[in-house]
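Understanding the architecture of this molecule
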Amino acid sequence: MRVLTSVLVANRGEIARRVFRSCRSLGLSTVAVYSDPDAGSPHVTEADAAVRLPGRAAADTYLRADLLIAAALRAGADAVHPGYGFLSENAGFARAVQAAGLTWIGPSPDAIAAMGSKISSKRLMAEAGLPVLAALDPAALTGADLPVLIKASAGGGGRGLRVVRALADLPAALAAAASEAASAFGDPAVFCEPYVERGRHVEVQVLADGAGTVWTVGERECSIQRRHQKIIEEAPSPLVERTPGMRERLLQAAALAATAIGYVNAGTVEFLADETGRFWFLEMNTRLQVEHPVTECTTGLDLVALQLQIAAGRTLPARPPPAYGHAIEARLYAEEPAAGWQPQSGTLHLFALAGEPAEFRAGRVPAGPGGASGTASGLASSDAGVADGTAASPGLAALAPPVLRLDSGVVAGSQVGTFYDPMLAKVIAWAADREQAAAVLASTLAAARIHGVITNRDLLVRVLRHPAFLAGRTDTAFFGTHGLDALAAPLADAAASGLSALAAALAAAAARQKDARALGGLPPGWRNVPSQLQRARYAGHDVGYRIDRGGLVVEGRDDVRLVSLRPDRVELEVAGIRRAFEVADYGGLVCVDSALGPVTLIPQPWFADPAARVAAGSVLAPMPGTVVRLAAAVGDEVTAGQPLLWLEAMKMEHPVAAPAAGIVAELAVTAGQQVEVGSVLAVVKPEEDLQ
């Protein structure tokens, strides 16, 4: 048995906060590390100690094994937890941690190395008897092999992945995937495999101790993906639930994979399945998964506490607890799905769920079969009933109320940048059945107040309410099948957006009237004798209204009545139905929340600023980032949609294309240059304009 007293988490954001929570529950002190952009992040302030990693890019900070180990030693930590991403699956880092006399919270370096290369791991698992998709040599590909998927050999999270449907696209896709993999994981190696168009992503959580006990703690399904990265995960899998015998075969295959490499600690064996229940080994993640909360919610286990205790030498009971109920997790990203999933940045002015500040919190899942609860680690010798499979009445779980959980890396006031992954938080709902869990999660997200940064919230809500999702008809082509445009559409329709703009205009007038030195007691915009309308302009909305003796008059409508008015809240009666609108004005940005859907408004000046104008044909940076490479030069003739350059933001590469056919008249950036959103990158002019 090892005695652990202090744990450094070699990571950032929500996973660092998640590990800290379990450390505190076990009486362990915590050490954070942080890059310069993360200096004010919640994970830094919550740790008992924090060590700066000078720099901004991941390659200079969170991917520097030497700095991380030095930080652990300086802060007096005796163990290192890698979280996920960054160096979490780097065998060299694990060996260096151990060589420094520190305890590594994870599997052995040899196990990480065995599974760290997807190329060699497939070969190893095939020898162990698991079904695999054959790896393909990019140099030997023919048209008959298409489509293929290029994958990074190291790491995951959708980075370094490209689908190739034409041989002519292969060289560029290989280069882009290798570049992205090198940036995210420090390893540019990639490989190809057959691409299964409509696959189901199913994975099994495994836990193993040093005495040879291996747990397979149920399966998860993660088929709703964008850019090959999961955004909605759930346990159990609806495919497995309806396919006789599939769960037993999956769990056996996962146990075989763990046993084949002598695995110890937590890991996940991932499979690609089809609708018939056939499945193939994809990879083994030798770390904690982003989506681990859904397993915790359905079993009552604390997987991080289990990781810590196994690393300390404790052993598992013979059997894991049974699962009960259903849990669904939605990843909230700072990105705009309708604009090609472009990462977003800015100040998160407000982040609130269910009317309360959205702080990192664990929902306590009610006791169900086995007596597990949201705080059980499963390793306590005196209460082995938590993990011995003893069945309590399953009816108790069916009557339990839904539970919400939030794993968040941000709070109100956080600055969201583009140096790292764009995930802000994970919102998880547990309920007695899948339909109820989806309903609770969708309503919670829809009612959340998220101000200042564009997110994928509306998309998540529409997916969770979609008939195909509710029927369990999910696969990795969900967005292509059901239409991204429809799924990414705002929750607030045009009518709701117009009412929100009216509420914003009234609230702004109320704020001005509140500060008025004369006649401050009158309603804002009051006219004793009917006169011209008051006007307010927002992008996409021109609001006209007046308040006189007869009440509120709204241009173009005769069915709206003002019920109450404050600078932060407006209540309207619309066609006989009362609607409340919460209004927050941040100066240049107005956020309106109501049951009709959230609306963000941009106030418009009455007169345009000449300095804000840009030349015709200007190509502007859609996000802050780094120019990683150029694909055109001044004088080149380009077609509409042709990539001019690539920006790297949040560990992904994003092409910036020509808006129209023409000639590149100006190229204002070079490779390696940092740019801000809205910066002019290039100017493309029609050929006739240059003659």
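Rules of the game
Residues numbered from 1 in each chain as written. Predicted model: local features only at pLDDT ≥ 70, side-chain atom pairs only at ≥ 80, totals over all residues. Heavy atoms only, no water. Helix = DSSP H or I, 4+ residues; strand = E, 2+ residues; numbered from the N terminus. Rg over C-alpha atoms; globule rule 2.2 N^0.38 Å. Buried < 20%, exposed > 50% of the residue type's maximum accessible area, 1.4 Å probe, protein only. Lys, Arg positive; Asp, Glu negative; His and termini not counted. Charge placed at Lys NZ, Arg CZ, Asp CG, Glu CD. Disulfide = S-S within 2.5 Å. Pairing = 2+ DSSP bridges. Axes fitted to C-alpha atoms, helices over the stretch in contact; angles between N-to-C directions. Salt bridge = Lys/Arg side-chain N within 4 Å of Asp/Glu carboxyl O. Core = buried A, V, L, I, M, F, W, Y, C linked by side-chain atoms within 4.5 Å. Contact = heavy atoms within 4.5 Å. Phe/Tyr/Trp six-rings, centres within 6.5 Å; stacked < 30°, edge-to-face > 60°. Parallel < 35°, antiparallel > 145°, perpendicular 65-115°, else oblique. Left-handed = near helix turned anticlockwise from the far one by under 90°. Nonpolar A, V, L, I, M, F, W, Y, C, P; charged D, E, K, R; others polar. Arc of directions from axis to C-beta. 1 Å grid on protein atoms, 1.4 Å probe; cavity = no way out; pocket = protein on both sides within 12 Å on 5 of 7 lines; lining within 4 Å. Points joined across faces, edges and corners; volume = space filled by probe spheres on them. Polar contact = N/O pair within 3.5 Å; in protein donor to acceptor, adjacent residues only side chain to side chain. pLDDT = per-residue confidence, 0-100.

Take the overall build of the chain next. Scanning the chain for helices and strands turns up 18 helices and 40 strands. Expected size for 691 residues packed as a compact globule is a radius of gyration near 26 Å; at 27 Å, the chain falls within 12% of this value. Dimensions of the chain, computed from the C-alpha atoms along their principal axes, are close to 85 × 70 × 55 Å. The buried share among the 691 residues of the chain stands at 53%. Taken together, the 60 basic and 70 acidic charged side chains of the chain have centroids lying 5 Å from each other.

Attention now moves to the state of the cysteines. Summed over all chains, the structure comprises zero disulfides. Free of any disulfide, Cys23 has its nearest neighbouring cysteine sulfur in Cys297, separated by 19 Å. The closest cysteine sulfur to the non-disulfide-bonded Cys222 is located on Cys297, 14 Å from its own sulfur. Accessibility expressed as a relative area gives 0% for Cys222, which makes it buried.

Across the sheet, which stays open at both edges, the five strands sit in the order β28-β29-β30-β31-β32 with antiparallel pairing between neighbours. Each of the sheet's edge strands pairs with one partner strand only, and the pair in question is β28 (560-566) and β32 (599-601). Across the sheet, the mean angle from the axis of one strand to that of its neighbour is 25°, orientation sign disregarded. Sheet topology note: the strand β31 (residues 590-593)/β32 ladder contains three bridges and is antiparallel. Of the residues in β32, the one forming a bridge with Cys591 is Thr600.

Pairing is possible between side chains of opposite charge, provided their charged atoms come close. This model, assessed by the stated rule, comprises 42 salt bridges. A salt bridge links Arg569 to Glu582, with the shortest nitrogen-to-oxygen separation between them at 2.4 Å. Pair noted here: Arg569 is in strand β29 (residues 569-574) and Glu582 is in strand β30 (residues 577-585), with a separation of 13 residues, a long-range link. Residue classification places Arg569 among the partly exposed residues on the basis of a relative accessible area of 25%. Salt bridges sharing partners connect three or more residues here, namely Glu14, Arg18, Glu296, Asp302, Arg405, Asp407 and Lys426.

Time to look at the nonpolar core. Leu207, Ile232, Phe351, Val463, Phe469 and Phe479 are the most contacted members of the largest nonpolar core, which has 74 residues in total. With seven residues, the top contributor of residues to this core is helix α13 (residues 434-447). Each residue touching Leu207, except ones within four places of it in the same chain, is listed here: Thr213, Val214, Trp215, Val217, Asn265, Ala266, Leu303, Leu306, Ile310 and Leu316. Core analysis: the second largest hydrophobic core is formed by 28 residues, Leu506, Tyr545, Val583 and Val590 among them.

A word on the sheet that holds strand β19 (residues 356-357). The antiparallel open sheet is built from three strands, whose spatial order is β19-β18-β23. Both edges of this open sheet fall to β19 and β23 (449-451), since each of them pairs with a single strand only. Relative to β19, strand β18 (residues 350-353) runs antiparallel, the two sharing two bridges. The partner of Leu353 across the bridge, within β19, is Glu356.

Moving on: the packing of aromatic side chains. What the rule picks out here adds up to nine aromatic pairs. Aromatic pair Phe86 and Tyr420: ring centres 6.5 Å apart, planes at 80°, arrangement edge-to-face. Pair noted here: Phe86 is in the loop between β4 (79-81) and α4 (91-99) and Tyr420 is in the loop between β21 (415-416) and β22 (423-431), with a separation of 334 residues, a long-range link. Grouping residues by exposure puts Phe86 and Tyr420 together as buried. A centroid spacing of 5.1 Å and a plane angle of 75° characterise the contact between Phe271 and Phe279, whose relative ring orientation is edge-to-face. For Phe271, a relative accessible area of 0% translates into the label buried.

With that out of the way, let us pick up the packing of α13 against helix α14 (residues 457-464). One way to put it is that α13 packs onto α14 with a least axis distance of 9 Å and a crossing angle of 155°. Between α13 and α14, the crossing angle belongs to the class labelled roughly antiparallel. Like other packed secondary-structure pairs, α13 and α14 cross with a definite hand, here left-handed. Residues Ala438, Leu441, Ala442, Leu445 and Ala446 of α13 lie in contact with α14, whose contacting residues are Arg457, Leu460, Val461 and Leu464. A per-class count over the contact of α13 with α14 returns eight nonpolar, no polar and one charged.

Side chains of residues three or four places apart in an α-helix project in the same direction, reflecting 3.6 residues per turn. Along helix α6 (residues 118-128), the residues classified as buried are Lys118, Ser121, Lys122 and Met125. Down the axis of α6, the smallest arc covering the buried residues is 105°, so these residues share one side. Residues Arg123 and Glu127 are exposed on α6 and point more than 90 degrees away from its buried face. Those residues of α6 hidden inside the fold are in contact with α5 (109-116), β6 (148-152), β8 (190-194), α9 (246-260) and β13 (279-285).

When its volume is computed, the second largest pocket comes out at roughly 740 Å³. Considering the residues around the second largest pocket, the lining is formed by 29 residues, among which Ile454, Thr455, Asp458, Pro598 and Thr600 are closest to the centre. Elements with a contribution of two residues or more to the lining of the second largest pocket: β23, α14, β31 and β32. Classifying every residue of the lining of the second largest pocket gives 16 nonpolar, eight polar and five charged.

Attention now moves to the side chain of Asp302. You can see Asp302 is positioned in the loop between α10 (292-299) and α11 (303-311). At 2.9 Å, the side chain of Asp302 forms a polar contact with the side chain of Ser22.

Mapped onto the elements of the fold, Ala658 is located in the loop between β37 (652-657) and β38 (662-667). A relative accessible area of 4% places Ala658 in the buried class. The spacing of Ala658 and Leu644 is 14 residues in sequence and 6.3 Å in space, taken between C-alpha atoms.

Below, the discussion takes up the confidence of the model for the chain. Residues at a pLDDT of 70 or more form 90% of the chain, whose mean pLDDT is 90. Taken together, the stretch residues 367-394 has pLDDT below 50 and engages in 65 contacts with residues farther than four places along the chain or on a different chain.

Among the residues making up α4, those that are buried are Ala91, Phe93, Ala94 and Val97. Buried residues of α4, viewed axially, fall in a sector of 160°; they line one side. Tucked inside the fold, the buried residues of α4 contact α3 (65-75), β4, β5 (103-104) and α5. Of the residues that open α4, the one with a side-chain oxygen 3.0 Å from the backbone nitrogen of Gly92 is Asn90. Looking at the residues trailing α4, positive phi occurs at Gly101, about 85°.

Take the pairing of β28 next. Where β28 and β29 come together, six bridges link them in antiparallel fashion. Paired with Val560 across the bridge in β29 is Val574. The antiparallel pairing of β28 with β29 creates a hairpin that spans two residues between the two strands.

Moving on to the environment of Val461. Position of Val461 relative to the elements: it lies in helix α14. With 18 residues separating them along the chain, Val461 and Ser443 place their C-alpha atoms 7.6 Å apart. For Val461, the residues in contact, after removing those within four places along its chain, are Ala442, Leu445, Ala446 and Leu491.

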